[in-house]
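Descriptive structure summary
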Amino acid sequence: QVQLVESGGGLVQAGGSLRLSCAASGRTFSRYAMGWFRQAPGKEREFVAGISRSGGSTDYADSVKGRFTISRDNAKNTVYLQMNSLKPEDTAVYYCAASAGGNYFYPDYWGQGTQVTVSS
């Protein structure tokens, strides 16, 4: 069991940058693979980025590859999403997620989400 709280969302102009943080509770954070998902109005929730337990492996959606970077600090029980060169189509609610089984495509726990709005 883990509780996740996202922060860092907000309004940014196209081409700008934003860093999202996800703080996790508990003493077993390093046992979870972590991921970021997003959901825009009228669309299904989609995978954005994932990171393995150790942080040694990462994965990104094609739409954000080269612009976004996922990282984690297990000592701080925190996962991050650095978003650069933001586009209006990145506008969505971003969710942090944890996978007990180690597969960040199929998380077991979700945060409450944080709004990211990119203006043109």
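Located above this text is the structure these notes cover.
So, here's what we can say about the structure. (Residues numbered from 1 in each chain as written. Predicted model: local features only at pLDDT ≥ 70, side-chain atom pairs only at ≥ 80, totals over all residues. Heavy atoms only, no water.)

Here strand 11 (residues 114-119) shows a buried face lined by Thr114, Val116 and Val118 and an unburied face lined by Gln115, Thr117 and Ser119. Pairing geometry for strand 2 (residues 10-13) and strand 11, over four bridges, is parallel. In the strand pairing of strand 11, Val12 is matched with Val118. The pairing of strand 9 (residues 92-99) with strand 11 spans three bridges and is classified as antiparallel. Within the sheet, the bridge partner assigned to Val93 lies in strand 11 and is Gln115. (Buried < 20%, exposed > 50% of the residue type's maximum accessible area, 1.4 Å probe, protein only. Helix = DSSP H or I, 4+ residues; strand = E, 2+ residues; numbered from the N terminus. Pairing = 2+ DSSP bridges.)

Here we take up the side chain of Ser52. Relative to the elements of secondary structure, Ser52 occurs in the loop between strand 5 (46-51) and strand 6 (58-60). Not counting residues up to four positions away in its chain, the partners in contact with Ser52 are Ala33, Ser57, Arg72 and Tyr104. (Contact = heavy atoms within 4.5 Å.)

Before going further, it helps to spend a moment on the nonpolar core. If you look at the biggest cluster of nonpolar residues, it comprises 30 residues, and the most contacted ones within it are Met34, Trp36, Val79, Leu81, Met83 and Tyr94. Listed by contribution, the elements that provide at least two residues to this core are strand 3 (18-24), strand 4 (33-39), strand 5, strand 7 (68-73), strand 8 (78-83), strand 9 and strand 11. (Core = buried A, V, L, I, M, F, W, Y, C linked by side-chain atoms within 4.5 Å.)

Okay, the sheet that holds strand 8 next. Pairing in this open sheet of four strands is antiparallel, and the strands run 1-3-8-7 from one edge to the other. Of all strands in the sheet, those bounded by a partner on one side alone are strand 1 (4-7) and strand 7. Going across the sheet, the axis of each strand differs from the next one's by a mean of 15°, ignoring polarity. Relative to strand 8, strand 7 runs antiparallel, the two sharing six bridges. (Axes fitted to C-alpha atoms, helices over the stretch in contact; angles between N-to-C directions.)

None of the figures reported here should be taken as evidence of function without further support.
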